[in-house]
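Here are the chains, one letter per residue:
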Amino acid sequence: MEDDRVDRLVEDFKRVRPDIDPRTKAVAARLLHLSDLVERYYGAICERFDVSLSGLGVLTSLARNDPRALTLTELNRDILVTSGGITFLAASLEQQGLVSKRPHPNDGRAVLVKLTRRGRQVANQLVDAIALADDAALTHVRVSDLRAADELLRSLQAGIESAMAAQLDVPSSGKAAEASPARSRR
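1. Let's talk about the overall build of the protein chain
Here is step 1: Helix and strand content of the protein chain: 8 helices and 3 strands.
Here is step 2: Listed N to C, the secondary structure of the protein chain is α-α-α-β-α-α-β-β-α-α-α in terms of helices and strands.
Here is step 3: Burial statistics for the protein chain: of 186 residues in total, 25% are counted as buried.
Here is step 4: Of all intrachain contacts in the protein chain linking residues separated by at least 6 positions in sequence, the fraction that spans at least 24 positions is 51%.
Here is step 5: When the accessible surface of the protein chain is split by element, carbon and sulfur atoms take 54% of a total near 13000 Å².

As structure tokens, this is what we get:
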């Protein structure tokens, strides 16, 4: 495989910051690059349906639970946006006629959100479009490699979630090399 922008970035880091483990830098840089690619790739599909990626999350969450309506809190847990963000998304999707909202019958503070008929159609079309995009993006990868990639990504996800939970923060002082646990891999 030929060098790409991540390989060049890592080579630059090896030259200017030899104290940083190039293996962890390579994985982190590739994850960031993939995150950007995935957002642009799937974002372009969502744009064809006039829905954001977060809107896709709301629609697919509601579709998976259909016909049951979900509270904003349930949606918020499922798609991981801020409470203000989920309120905005639900209002935007309601304006588009994709969801309906109504007060929760047992909790005056809560709102229930449900797909409209049109929302169900758009959600199904989006799921189909995303499935085709998944196939197109991963068609060159062997099934065994897909399984291995899934396992590796799960491990990376767990590591990032653990680091976030522990509020791991690289110090801004000159003592970063001795404070970071990644330095012990060398």
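And the narrative resumes.
2. Observations regarding the sheet that holds strand 3 (residues 111-115)
Here is step 1: Read across the sheet, 3 strands follow the order 1-3-2 without closing on themselves; strand pairing throughout is antiparallel. In this open sheet, the two edge strands, each paired with only one partner strand, are strand 1 (70-71) and strand 2 (99-103).
Here is step 2: Pairing between strand 1 and strand 3: 2 bridges, direction antiparallel. Pairing of Leu70 across the sheet is with Val113, part of strand 3.
Here is step 3: Packed on one face of the sheet, helix 5 (residues 83-95) meets strand 2 and strand 3 and runs near 120° to strand 2.

3. Let's talk about the confidence of the model for the protein chain
Here is step 1: Looking at the protein chain as a whole, its pLDDT mean stands at 88, while 87% of the residues score no less than 70.
Here is step 2: Taken together, the stretch residues 172-184 has pLDDT below 50 and engages in 10 contacts with residues farther than four places along the chain or on a different chain.

4. Quick look at unusual backbone geometry
Here is step 1: Note the cis peptide between Asp66 and Pro67, where omega equals 15°.
Here is step 2: Assignment of secondary structure puts Pro67 in the loop between helix 3 (53-65) and strand 1.

5. Details of the pairing of strand 3
Strand residues, when the strand is regular, have side chains that alternate between the two faces of the sheet.
Here is step 1: Both strand 2 and strand 3 contribute to a ladder of 5 bridges, which runs antiparallel. The residue of strand 3 that forms the bridge with Arg102 is Leu112.

6. With respect to the environment of Leu62
Here is step 1: Here Leu62 shows up in helix 3.
Here is step 2: A residue is classified by how much of its surface remains accessible, and Leu62, at 1% relative accessible area, is buried.
Here is step 3: Separated by 57 residues in sequence, Leu62 and Gly119 place their C-alpha atoms 9.3 Å apart.

7. As for the side chain of Thr71
Here is step 1: Among the structural elements, Thr71 can be located in strand 1.
Here is step 2: In contact with Thr71, not counting residues within four places along its chain, are His104, Val111 and Leu112.

8. Points about the nonpolar core
Here is step 1: Grouped together as the largest cluster of nonpolar side chains are 26 residues, with contacts concentrated most on Val58, Leu59, Leu62 and Leu126.
Here is step 2: Counting residues per element, this core draws most heavily on helix 6 (residues 117-138), at 6 residues.

9. Observations concerning the pattern of salt bridges
Here is step 1: Under the definition given, this model contains 14 salt bridges.
Here is step 2: When the shortest N-O distance is used, the salt bridge between Asp4 and Arg30 registers 2.7 Å. Taken together, the positions of Asp4 in the segment before helix 1 (5-16) and Arg30 in helix 2 (residues 22-48) put the pair 26 residues apart, joining distant regions of the chain.
Here is step 3: Two residues, Lys101 and Glu94, come together in a salt bridge whose shortest N-O distance is 3.6 Å.
Here is step 4: Judged by relative accessible area, Lys101 falls into the partly exposed class, the value being 30%.
Here is step 5: Judged by its relative accessible area of 33%, Glu94 falls in the partly exposed class.
Here is step 6: A cluster of three or more residues bridged by salt bridges with shared partners is formed by Asp4, Asp7 and Arg30.

10. Structural notes on the packing of aromatic side chains
Pairs of aromatic rings are described using the distance from one ring centre to the other and the angle between the two planes.
Here is step 1: With the rule as written, the count across this model stands at 1 aromatic pair.
Here is step 2: Measuring from ring centre to ring centre gives 5.0 Å for Tyr41 and Tyr42, while their planes differ by 75°; the resulting arrangement is edge-to-face.
Here is step 3: Stacked on the ring of Phe13, the Lys or Arg Lys25 has its end atom at 4.6 Å from the ring centre.

Criteria and thresholds
Residues numbered from 1 in each chain as written. Predicted model: local features only at pLDDT ≥ 70, side-chain atom pairs only at ≥ 80, totals over all residues. Heavy atoms only, no water. Helix = DSSP H or I, 4+ residues; strand = E, 2+ residues; numbered from the N terminus. Buried < 20%, exposed > 50% of the residue type's maximum accessible area, 1.4 Å probe, protein only. Contact = heavy atoms within 4.5 Å. Areas by Shrake-Rupley, 256 points an atom, 1.4 Å probe, with all protein chains shown as cover. Pairing = 2+ DSSP bridges. Axes fitted to C-alpha atoms, helices over the stretch in contact; angles between N-to-C directions. pLDDT = per-residue confidence, 0-100. Core = buried A, V, L, I, M, F, W, Y, C linked by side-chain atoms within 4.5 Å. Salt bridge = Lys/Arg side-chain N within 4 Å of Asp/Glu carboxyl O. Phe/Tyr/Trp six-rings, centres within 6.5 Å; stacked < 30°, edge-to-face > 60°. Lys NZ or Arg CZ within 6 Å of the ring centre and 35° of its normal.

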